[in-house]
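# Architecture at a glance
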Amino acid sequence: MRMNHQEKAYSPLETAWSYESTEQKRTSFMSPSLRTFQAYSKPLVLKRGQGQYLWDVHEKKYVDLMAQNLCISVGYNHPLVNSEVKKQIDLMAHCTTMYFQPIPAHFAEELVGRMPAGTDWVVHFVNSGSEAIDLAVLMARVFTGNFEMVALRNCYHGLQFCAMALTGIQSCRQPVPCAHGIVHVPNPDPYRGIFGDELAPYVDEINRSIMASSPGRIAGFIAEPIQGFGGVMALPPGYLAAAFAITRAAGGVCIVDEVQTGFTRTGSHYWGFQVHAVLPDIIVLGKGIGNGFPLSAVVAKREIAEAMAQKKFFNTYGSNPISCAAGRAVLRAIDEDHTLRNAKEMGDYLKQKLLGLKAKYELVGDVRGSGLMLGVELVRDRIHKEPADVEAGKIAEYARDHGVVVGKGGVFGNVLRINPPLCIEKHDIDLVAEVLNQSFHCI
Ligand code: PMP
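In this report, the structure presented in the accompanying data block is examined. The shown structure was predicted, so the numbers you read here are calculated from the model rather than taken from an experiment. (Residues numbered from 1 in each chain as written. Predicted model: local features only at pLDDT ≥ 70, side-chain atom pairs only at ≥ 80, totals over all residues. Heavy atoms only, no water.)

With that out of the way, let us pick up empty space enclosed by the protein. What the rule picks out here adds up to one cavity of 30 Å³ or more. Every residue along the wall of the largest cavity is listed here: Leu-70, Ser-73, Glu-258, Val-259, Gln-260, Gly-262, Phe-263, Arg-265, Gly-288 and Leu-422. Of the residues belonging to the lining of the largest cavity, the class tally is four nonpolar, four polar and two charged. (1 Å grid on protein atoms, 1.4 Å probe; cavity = no way out; pocket = protein on both sides within 12 Å on 5 of 7 lines; lining within 4 Å. Points joined across faces, edges and corners; volume = space filled by probe spheres on them. Nonpolar A, V, L, I, M, F, W, Y, C, P; charged D, E, K, R; others polar.)

In structure tokens form, the structure reads like this:
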């Protein structure tokens, strides 16, 4: 029998949208490890999004301060992203890099156009942040011929093999031998760090660790300009420049993980590293690059990427044209929607409101971050800084009941994370501030 898909009438698939059904199916058929990363005691069943808002299955509306872990950069259901994606879906869903396809080629050119001028950048598209991190480390090792990578404590770079070994957070590391050749140095954290708010000892530790735990030559150094999952902790001024100088002196390349901080999120520049006036050798992009479509990228100086061209490097879905069509639309939307300006203005406005909460409630130990990447660290007392993780959970639950989705993170689970889509508006922030204000009375 000849199959002609176009002429056949398919019956649409049915979906059961209830909490109970989803819970039962998740428990029965999906991996138990999903339980370790689940928001709220009773998670939301989400149905749709528009701009900075979400609706659950009961049509309850929320202001979304988490943007699906910062994936929704320019807003849910963005008209330009949708139309570019639909155009490509109707042509073909995938085209591997074995053939030529213009969409990824255009996107690479447009992305390079947003990088600091004067450097010959090239782009390698993959599918997730972790995958991009693994590729960046591989590039660094092949290019330098060295092995050890220096990473910061409390960093989060993903949970695949090498990415998990880089990630400096106990709850993220499975108890198995993991990728070796990673040296963790103390993270410069002015609030809780072992050297407080002094810069020099943290920098010195990089040198000491290279002396103690490597042959003296390293493959590279990697850091997030603002540690996101680790608690929204920005690197202090001067740290990245000093770390880069040490790295280069030890033969290594400098990698920034812009998976969270990229694409204007921090409100000061297009990329998080730019506030530090440094030039990285490799830049890792993810999350917001595709506004929710699976996509990530490694942007590297040509000579570094060239070193890998002696052997094959292929991954089946890298450069998927639908994801790249979304990525192209994101870049255009960032320009036309003025997300950099909005991240700055709305971020500053929200930060003032959060500092107001700090002035009012002892529970707020620290307010930090930049643009629309903000964190509120909750502590039981400001002297000993005992992490108020249970309280953070209660605040998140209260906010959810009152129409605000806020994140909870940090190594102690006591940091409220605020990273909305970059299109959030002033009236949303007024609502968020009011709900958070009330939430402190529920503890
Ligand atoms: N780097 C950073 C800074 C991240 O926040 C994440 C994800 N939270 C990753 C890398 C890993 O990305 P993915 O989950 O897409 O593998």
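Around the ligand, the surrounding shell consists of Ser-128, Gly-129, Ser-130, Tyr-156, His-157, Gly-158, Glu-224, Asp-257, Val-259, Gln-260 and Lys-287. Contact between the ligand and Asp-257: a nitrogen atom at 2.6 Å from a side-chain N or O atom of the residue. With the chains in place, 82% of the 390 Å² that the ligand exposes on its own is no longer accessible. Its residues assigned to classes, the shell around the ligand shows two nonpolar, six polar and three charged. (Near = heavy atom within 4 Å. Polar contact = N/O pair within 3.5 Å; in protein donor to acceptor, adjacent residues only side chain to side chain. Areas by Shrake-Rupley, 256 points an atom, 1.4 Å probe, with all protein chains shown as cover.)

If the charged atoms of two oppositely charged side chains come close together, the side chains can form a pair. Scanning the model with the defined rule gives 19 salt bridges in all. For the salt bridge of Glu-377 with Arg-368, the shortest nitrogen-to-oxygen distance reads 2.8 Å. Comparing Glu-377 with Arg-368 shows no difference in burial state: the two are buried. Residues joined by salt bridges that share partners form a network here, namely Arg-192, Asp-366, Arg-368 and Glu-377. (Salt bridge = Lys/Arg side-chain N within 4 Å of Asp/Glu carboxyl O. Buried < 20%, exposed > 50% of the residue type's maximum accessible area, 1.4 Å probe, protein only.)

With that out of the way, let us pick up the packing of helix α4 (residues 102-112) against helix α10 (residues 321-336). Orientation of α4 relative to α10, taken along the N-to-C sense of each, is 30 degrees, at an axis distance of 9 Å. In this structure, the crossing between α4 and α10 has a hand that is left-handed. Taken together, the residues of α10 that come into contact with α4 (itself represented by Ile-103, Pro-104, His-106, Phe-107, Glu-110 and Leu-111) are Pro-321, Cys-324, Ala-325, Gly-327, Arg-328 and Leu-331. Residues belonging to the contact of α4 with α10 are distributed by class as follows: eight nonpolar, two polar and two charged. (Axes fitted to C-alpha atoms, helices over the stretch in contact; angles between N-to-C directions. Helix = DSSP H or I, 4+ residues; strand = E, 2+ residues; numbered from the N terminus. Left-handed = near helix turned anticlockwise from the far one by under 90°. Contact = heavy atoms within 4.5 Å.)

Here the focus is the sheet that holds strand β16 (residues 407-409). To summarise the sheet geometry, strands pair through backbone hydrogen bonds and adopt either a parallel or an antiparallel arrangement. The strand order across the open sheet built from four strands is β13-β14-β17-β16, with neighbouring strands paired in antiparallel fashion. Strands at the two margins of the open sheet, each flanked by one partner only, are β13 (364-370) and β16. Strand-to-strand, the axes of this sheet are offset by a mean angle of 25 degrees, without reference to chain direction. Pairing geometry for β16 and strand β17 (residues 415-418), over three bridges, is antiparallel. Considered in β17, the bridge of Gly-407 is made with Arg-417. Packing against the sheet, helix α11 (residues 339-360) makes contact with β13, β14 (373-378) and β17, and its axis sits at approximately 170 degrees to β13. (Pairing = 2+ DSSP bridges.)

Right, let's get into the sheet that holds strand β1 (residues 46-50). Taken together, the four strands give an open sheet; going across it, the order is β1-β2-β3-β15, and neighbouring strands pair in mixed fashion. Lying at the two open borders of the sheet, with one neighbouring strand each, are β1 and β15 (404-405). Sheet topology places strand β2 (residues 53-56) next to strand β3 (residues 61-64); three bridges connect them, and they run antiparallel. When the sheet's bridge partners are listed, Trp-55 is paired in β3 with Lys-61.

Here we take up unusual backbone geometry. In the Ramachandran plot, Gln-68 falls in the positive-phi region, its phi being about 50 degrees despite a non-glycine side chain. With respect to the helices and strands, the residue Gln-68 is situated in helix α2 (residues 67-70). Within the chain, Lys-287 stands out as a residue other than glycine whose phi angle is a positive 40 degrees. Position of Lys-287 among the secondary structure elements: in the loop between β11 (282-285) and β12 (296-301).

Most often, soluble globular proteins keep nonpolar side chains buried together rather than apart. Residues Leu-111, Phe-221, Tyr-239 and Leu-285 are the most contacted members of the largest nonpolar core, which totals 80 residues. No other element matches the nine residues that α10 contributes to this core. Apart from residues lying up to four places away in sequence, Tyr-239 is in contact with Leu-152, Val-185, Pro-186, Pro-188, Leu-199, Tyr-202, Val-203, Ile-206 and Phe-221. (Core = buried A, V, L, I, M, F, W, Y, C linked by side-chain atoms within 4.5 Å.)

Glancing now at the state of the cysteines. Inspection of the entire model under this criterion finds zero disulfides. Among the cysteines around Cys-178, which has no disulfide bond, Cys-162 carries the closest sulfur, lying 9.1 Å off. (Disulfide = S-S within 2.5 Å.)

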